[in-house]
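Tertiary structure, described
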Amino acid sequence: ADTVMARYGIYLPFDSPALRTFQALRERLTADIKGIPPVTGKMPPHLTLLIFDDDRLSSILDKFQVAAERIIPFTLLFTDIATFPGRRGVLYARPEMSPLLQNAFQQVFDIFSDTAIVPHYRAPVRCQPHVTLVKGIGGQGLKEAAALATRRWIPTAARTHALGLIDVYRPLDPLAELKYR
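My aim in this report is to walk through the structure given alongside it, one point at a time. (Residues numbered from 1 in each chain as written. Predicted model: local features only at pLDDT ≥ 70, side-chain atom pairs only at ≥ 80, totals over all residues. Heavy atoms only, no water.)

What the four strands build is an open sheet, ordered β5-β4-β3-β6; its pairing is antiparallel. Sheet topology places β5 (131-137) and β6 (156-159) at the edges, where each strand pairs with a single neighbour. Geometrically, the sheet is characterised by an average inter-axis angle of 35 degrees between neighbouring strands, direction not taken into account. Helix α1 (residues 16-32) rests against β3 (75-84), β4 (89-95), β5 and β6 of the sheet, and its axis sits at about 20 degrees to β5. (Pairing = 2+ DSSP bridges. Helix = DSSP H or I, 4+ residues; strand = E, 2+ residues; numbered from the N terminus. Axes fitted to C-alpha atoms, helices over the stretch in contact; angles between N-to-C directions. Contact = heavy atoms within 4.5 Å.)

Next up on the list: the pattern of salt bridges. Going through the model one piece at a time under the given rule, you end up with six salt bridges. Between R7 and D53 there is a salt bridge whose closest N-O contact spans 2.6 Å. Here R7 is found in strand β1 (residues 6-12), whereas its partner D53 is found in strand β2 (residues 47-54), with 46 residues between them in sequence. Relative accessible area serves as the criterion here: at 21%, R7 is assigned to the partly exposed category. The class for D53 is buried, based on a relative accessible area of 15%. Residues participating in the shared-partner salt-bridge network are D54, D55 and R56. (Salt bridge = Lys/Arg side-chain N within 4 Å of Asp/Glu carboxyl O. Buried < 20%, exposed > 50% of the residue type's maximum accessible area, 1.4 Å probe, protein only.)

So yeah, pure geometry; function would need other evidence.
Laid out in structure tokens, this is it:
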């Protein structure tokens, strides 16, 4: 069904050492802070570059291939913990913005700009690069999680090695993951 409207995400997966660091902190927060939804059934830690709606999967896959060819492997330094407050708050690890990360965002956005309907909170001018650690908590729970995460956080280098594509509503079943050339 190549003409069904769906919501897609393009993301950066990370090397195993960084992945283990993010996952261990996720698990600790879930175990220690009341009210944090479990991480089972969730996508492994990653950095989303773009979320968009489209109904032409074959065209998306072609463009995704082009994007993967234009991005080279690079390392991100995640320096601190921050939050997106609100009723369904998000606690995340924040990377330093680097020219290579800016390039990855720009390449993906440029390649998909003619077909993408970008939700307003993911527009490139508004998007804060991040790796979600926990989400769906607000108020005091988010403050407690942020305090615990900040105490336990050690700046972490994460090497990107591929570009991934998912259907946002089926995140555990990637549509493609292409290693950089």
